[in-house]
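# Summary of structural features
Residue-level listing of the chains:
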Protein chains: 2
Amino acid sequence: MFEDRIQEMTKAELDREREVAGGLAQATRGLIDAVIRSTVDEDEMLAVRAEIEALAARLRVSQIPGAFGVVHTQDGTVRGHGNAAVGLRNAVAPPLDIRWEEDGRVWADVHLGAAYEGPPGLVHGGVSALILDQLLGEAAAAGGAPGMTGTLTVRYRRGTPLGDLHLESKTEKIDGYKSFVRGSISDAKGVTVEAEGIFVLPRWAREKMAERPTRFE
Amino acid sequence: MFEDRIQEMTKAELDREREVAGGLAQATRGLIDAVIRSTVDEDEMLAVRAEIEALAARLRVSQIPGAFGVVHTQDGTVRGHGNAAVGLRNAVAPPLDIRWEEDGRVWADVHLGAAYEGPPGLVHGGVSALILDQLLGEAAAAGGAPGMTGTLTVRYRRGTPLGDLHLESKTEKIDGYKSFVRGSISDAKGVTVEAEGIFVLPRWAREKMAERPTRFE
């Protein structure tokens, strides 16, 4: 576990990775949306499918053996470009661009389209939970006690419409290696979903962090 | 809300949709994985990106105006092919193939790859929550009282490794329009994540269902 790759990237290399690999993932997000909504005929779908498979094969000519994991950069930042909520290389992720404020508050604005639907026209309840898990986890880190999720409780006040949403979270209390965090998702009319989470830093991660100063990104 | 499209599909048409549109989404899942893991050079990534954008444009020549919503078929079944957890057309979804047993138990086996990563080598805690929300929601329906998620509480016992996982859930109690449901995710060594959920059928959905008998799929 935690078999991370050490890759010393400069700021310029990282910007380029964001543009090139990030752009590739962004194009793939567009494709995901088009696949859900397309009404072209069967022959065209079959033809496009064959081309998608050929493109994937081109990308696989050279690839890492497993999942992305994390990459360390020179300043000690850990980059999870494959992360399912925030990974710039992962087309499953919206991706969330979570901002950290000086006072420990974290927030993001996000647009969720057809790929995140549950009930008709509404964000899937599980997608809300996915987003809140990441958001609250970052609030735990921003509050000074990063950790893995111990317990996450999500309360659905009303349906969350697909479209533009605002996310916000903050650590409420720290008790040793445990952070108690709250956060929410809002649409233009107010809060739709609230969550509270307990985040815990396991021993193996504490030992790992002692070896190498870390800031997750 | 709940502006669903009525499309009377025969069994043969549905099988074909599963094969053609489902196959297109499956190819897109492969592409998502390849984009995360590829180490081909920049020029090749830029070239592939342009081709992905061209394929999306071909699919968009004819498309529905918004998210997929649900489609009703002749037997009253509601099909959410765009659903973020189980939708056969949605490449964000693994997709889960959740089986319903006679006794109300629901279960699924699923393989989660690089696209579902959180901490290195582990399933994102939010992805576990997404999967459990869908699973417990179906257990509520299988137990006789379908609903939308009211509260979901997820407890992480240990890290869930990427790979082959087993999901299981059952309704524990029904109280009017509320279902109380439990479920879990397991790897080969046992349970990694547990969840309990309260699912509630809102009034608007009860009225809708009274108009038209419904089984969600």
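Residues numbered from 1 in each chain as written. Chains lettered and ligands numbered in written order. Predicted model: local features only at pLDDT ≥ 70, side-chain atom pairs only at ≥ 80, totals over all residues. Heavy atoms only, no water.

## Quick look at the overall build of chain A
- A tally of regular secondary structure across chain A gives four helices and ten strands.
- Tracing chain A from N to C terminus, the helices and strands come up as β-α-α-β-β-β-β-α-β-β-β-β-α-β.
- When the 217 residues of chain A are sorted by exposure, 53% land in the buried category.
- Considering only contacts within chain A whose residues lie at least 6 apart along the sequence, 65% involve residues at least 24 apart. (Helix = DSSP H or I, 4+ residues; strand = E, 2+ residues; numbered from the N terminus. Buried < 20%, exposed > 50% of the residue type's maximum accessible area, 1.4 Å probe, protein only. Contact = heavy atoms within 4.5 Å.)

## With respect to the relation of the copies chain A and chain B
- Mapping chain A onto chain B calls for a screw motion: a turn of 180° about the axis and a shift of 0.0 Å along it, with 0.0 Å RMSD after fitting. With respect to symmetry, the two chain copies, as superposed, fit the operation of a two-fold axis. Measuring from the rotation axis to each C-alpha of chain A, the shortest distance belongs to T153 of chain A, at 2.1 Å.
- Counting the interface residues of chain A, we find that 100% of their copies in chain B are interface residues as well, pointing to one common contact surface. (Least-squares fit on C-alpha atoms with pLDDT ≥ 70 in both.)

## Points about the sheet that holds strand β8 (residues 178-187) of chain A
- The twelve strands are arranged β4(A)-β5(A)-β7(A)-β8(A)-β9(A)-β6(A)-β6(B)-β9(B)-β8(B)-β7(B)-β5(B)-β4(B) in an open sheet whose pairing can be described as antiparallel. Strands at the two margins of the open sheet, each flanked by one partner only, are β4 (99-100) of chain A together with β4 (99-100) of chain B.
- The pairing of strand β7 (residues 163-175) of chain B with strand β8 (residues 178-187) of chain B spans nine bridges and is classified as antiparallel. When the bridges of β8 of chain B are listed, H166 of chain B appears paired with S186 of chain B. (Pairing = 2+ DSSP bridges.)

## Some words on the environment of R157 of chain A
All names here are of chain A.
- By secondary structure assignment, the location of R157 is in the loop between β6 (148-156) and β7 (163-175).
- Judged by its relative accessible area of 51%, R157 is exposed.
- For the pair R157 and E194, spaced 37 residues apart in the sequence, the C-alpha separation amounts to 7.5 Å.
- Setting aside its immediate chain neighbours within four residues, R157 contacts V191, T192, V193 and E194.

## Let's talk about the interface of chain A and chain B
- Taken residue by residue, the interface counts 81 residues in chain A and 81 residues in chain B.
- The tally of links between chain A and chain B comes to eight salt bridges.
- Of all elements in the fold, only α1 (11-37), α2 (42-59), α3 (125-142) and β6 of chain A reach the threshold of two or more residues within the side of chain A that touches chain B.
- The greatest single-element share of the side of chain A that touches chain B, amounting to 17 residues, is contributed by α1 of chain A.
- Of the residues that constitute the side of chain A that touches chain B, the class distribution is 45 nonpolar, 21 polar and 15 charged. (Salt bridge = Lys/Arg side-chain N within 4 Å of Asp/Glu carboxyl O. Nonpolar A, V, L, I, M, F, W, Y, C, P; charged D, E, K, R; others polar.)

## A word on the packing of aromatic side chains
- Applying the stated criterion across every chain yields a total of zero aromatic pairs over all chains.
- Here the guanidinium or amino end of K173 of chain A rests over the ring plane of F180 of chain A, the centre of that ring lying 4.6 Å away. (Phe/Tyr/Trp six-rings, centres within 6.5 Å; stacked < 30°, edge-to-face > 60°. Lys NZ or Arg CZ within 6 Å of the ring centre and 35° of its normal.)

## Considering α3 of chain A
All names here are of chain A.
- Its 18 residues place the ends of α3 25 Å apart at the C-alpha level, agreeing with the 26 Å of an ideal helix rising 1.5 Å per residue.
- Taken across its 18 residues, α3 has 16 buried, putting it largely inside the fold.
- Of the residues flanking the end of α3, it is G144, one or two places downstream, whose phi is positive at about 105°. (Expected span 1.5 Å × (residues − 1).)

## Quick word on unusual backbone geometry
- For the bond from P94 of chain A to P95 of chain A, the omega torsion is -10°, close enough to zero to count as cis.
- Here P95 of chain A is to be found in the loop between β3 (77-79) and β4.

## Some points on the environment of D133 of chain B
- With respect to the secondary-structure elements, D133 of chain B resides in helix α3 (residues 125-142).
- Under the relative-accessibility criterion, D133 of chain B is labelled buried at 4%.
- Along the backbone, D133 of chain B and S38 of chain B are 95 residues apart, and their C-alpha atoms lie at a distance of 31 Å.
- In contact with D133 of chain B, other than residues within four places in its own chain, are H124, G125, G126 and Y156 of chain A together with T149, L152 and F199 of chain B.

## Description of the pairing of β6 of chain A
- Taking burial as the measure, the nine residues of β6 of chain A include seven buried ones, the bulk of the element.
- For β6 of chain A and strand β9 (residues 190-200) of chain A, the ladder comprises eight bridges, and the chain directions are antiparallel. When the sheet's bridge partners are listed, T151 of chain A is paired in β9 of chain A with I198 of chain A.
- In terms of strand pairing, β6 of chain A meets strand β6 (residues 148-156) of chain B through five bridges, oriented antiparallel. Counterpart to L152 of chain A in the pairing with β6 of chain B is V154 of chain B.

## Comments concerning the confidence of the model for chain A
- Looking at chain A, pLDDT values average 90 and 90% of them are 70 or higher.
- Contacts of residues 213-217 of chain A to residues separated by more than four positions or lying in other chains number 16 contacts, the stretch itself having pLDDT below 50. (pLDDT = per-residue confidence, 0-100.)

## What about the packing of α1 of chain A against helix α2 (residues 42-59) of chain B?
- Look at α1 of chain A against α2 of chain B: their axes get within 9 Å of each other, and the N-to-C directions meet at 20°. The angle between the axes of α1 of chain A and α2 of chain B places the two elements in the roughly parallel class. The crossing of α1 of chain A and α2 of chain B is left-handed. Residues R16, E19, V20, A21, G23, L24, A27, T28, G30, L31, A34 and V35 of chain A of α1 of chain A touch α2 of chain B, and the partners they reach there are E42, M45, L46, V48, R49, I52, E53, L55, A56 and L59 of chain B. (Axes fitted to C-alpha atoms, helices over the stretch in contact; angles between N-to-C directions. Parallel < 35°, antiparallel > 145°, perpendicular 65-115°, else oblique. Left-handed = near helix turned anticlockwise from the far one by under 90°.)

## Section: the pattern of salt bridges
- All chains considered together, the criterion is met by 30 salt bridges over all chains.
- Across the pair D97 of chain A and R99 of chain A runs a salt bridge, and its minimum N-O distance is 2.9 Å.
- Salt-bridge contacts for R89 of chain B lead to E17 of chain B; the nearest nitrogen and oxygen are separated by 2.9 Å. Within this pair, whereas R89 of chain B is found in the loop between β3 (77-79) and β4, its partner E17 of chain B is found in helix α1 (residues 11-37), the two being separated by 72 residues in sequence. Per residue, the accessibility class of R89 of chain B equals that of E17 of chain B, and both read buried.
- Sharing partners across several salt bridges, the network here consists of R155, E172, R182 and E196 of chain A.

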